[in-house]
Amino acid sequence: MKAVCFAEPGEASVLHTETIAVPQPGRGEVLVRVMAAGVNRPDIMQRKGLYPPPPGACPRLGLEIAGEVVACGLPQEGTPMPAIGTRVCALANGGGYAEYCLVPAGQCLPWPKGFDALQAAALPETYFTVWSNLFMPAIPPAGTRVLIHGGTSGIGTTAIQLVRAFGGQAFTTAGSAEKCALCETLGATAINYREEDFQARITELTKGEGVNVILDMIGGAYFNRNLKSLSMDGRLVIIALQGGAKAEQADLVRIMTRRLVVTGSNLRPRDSGSKARIARDLHTHVWPLLEAGTVKPLVHAVFKLDDAAAAHKCMEDGGHSGKIMLDVAG
Ligand SMILES: NC(=O)c1ccc[n+]([C@@H]2O[C@H](COP(=O)([O-])OP(=O)(O)OC[C@H]3O[C@@H](n4cnc5c(N)ncnc54)[C@H](OP(=O)(O)O)[C@@H]3O)[C@@H](O)[C@H]2O)c1
């Protein structure tokens, strides 16, 4: 099969396609003939050598796919295996930039009705991430105020729509007037972080109350301003560290006196059982919304598998809004 590989970490130009053996499914795994795959920021970090795959994971790139099940390994107790021929989208443990990919059966979900391969492949990484961080273990009550940094990212466009669909109020940051306008059409109140101090604006917009939850992908550079943007009993959820992994002069008084919770997670190292629980929750609560058109993936650009380097460059240039995809079957 054809697969995107790289020998050494580096710029996007290290990516190239090679012909390698089709992998064979082990217990509890299915082999999917990939039709489309999503490009995600964690792939860029892995390519640069900054986000090594967890032990046991496929070392090649690609965390989400859509395609057809063509082979199944021996069944694993408690996990139903999709039938051969079923069209699935799946959260992959790596290896999605290829014509075939192995995935644990519990990480597969059906294509929502009416979706094509590109739309289905655009779902897993952002929906698993947003759902597990904002909606598990419990769906927040209607009216919850949520600040989502990076509103036009794959993660941001998903988070805004889900927060709105579950009756929350969405606030977001984005880096241009055009990107802010897109966030507003998705239902968020947008703040241009290059022109305004988001913390001052959140304080103003919430009449001093602050937001209840923040989904943060910036980390250190925003840490204290995030704390100051939270309401009493507010929760800061850190999912990436684009602005640094250290919080200088962290405002611990604020955490104590406002009873704040500071937490975070990353999806890839979670075990298959945990990913399967998220998949089941998504199927129950979110798949009906996708099929009704209440929430939908935004696809910004599509590249061929041979052009994975161009897809990475497109993401690194930062002009995109929504998802960048690889059309593997086309
Ligand atoms: N923890 C996890 O499990 C997990 C899983 C998937 C992704 N992630 C992380 O989530 C983030 C989004 O991923 P993605 O694949 O959707 O990537 P993406 O589309 O490339 O998005 C990156 C986003 O970061 C925003 N950004 C950069 N600097 C900012 C700043 N100072 N203030 C506000 N926003 C800023 C950009 O906004 P502008 O374009 O408007 O500047 C852009 O929207 C990445 O950092 C990724 O590593 C984490």
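Model, not experiment: these values are computed from the prediction. (Residues numbered from 1 in each chain as written. Predicted model: local features only at pLDDT ≥ 70, side-chain atom pairs only at ≥ 80, totals over all residues. Heavy atoms only, no water.)

A. Structural context of the UniProt feature "domain: Enoyl reductase (ER)" (unreviewed entry) in the protein chain. With numbering aligned to this structure, UniProt lists the feature "domain: Enoyl reductase (ER)" (unreviewed entry) at residues 10-326. Helix makes up 31% of residues 10-326 and strand 26%, with an end-to-end C-alpha separation of 20 Å. (UniProt positions renumbered as here; feature names shortened; annotations may be inferred. Helix = DSSP H or I, 4+ residues; strand = E, 2+ residues; numbered from the N terminus.)

B. View of the pattern of salt bridges. What the rule picks out here adds up to 12 salt bridges. The salt bridge involving Asp306 is made with Lys2; its shortest N-O contact spans 3.0 Å. One end of the pair, Asp306, is in the loop between strand S14 (299-304) and helix H11 (308-317); the other, Lys2, is in strand S1 (residues 2-5), and 304 residues separate them in sequence. Residue classification places Lys2 among the partly exposed residues on the basis of a relative accessible area of 29%. For Arg225, the salt bridge is made with Asp197, and the minimal N-O distance between the two is 3.3 Å. A residue pair is termed long-range when its members are at least 10 positions apart, and Arg225 in helix H7 (residues 223-229) and Asp197 in the loop between strand S10 (188-192) and helix H6 (198-205) qualify at 28 residues. Several salt bridges share partner residues, and in doing so they unite Arg47, Lys48 and Glu316 into one network. (Salt bridge = Lys/Arg side-chain N within 4 Å of Asp/Glu carboxyl O. Buried < 20%, exposed > 50% of the residue type's maximum accessible area, 1.4 Å probe, protein only.)

C. Spatial organisation of the environment of Asn40. Here Asn40 lies in the loop between strand S3 (29-39) and helix H1 (41-47). The class for Asn40 is buried, based on a relative accessible area of 5%. Considered as a pair, Asn40 and Leu63 are 23 residues apart in the sequence and their alpha carbons are 7.7 Å apart. Setting aside its immediate chain neighbours within four residues, Asn40 contacts Glu64, Tyr97, Glu125, Thr126, Met315 and Lys323. (Contact = heavy atoms within 4.5 Å.)

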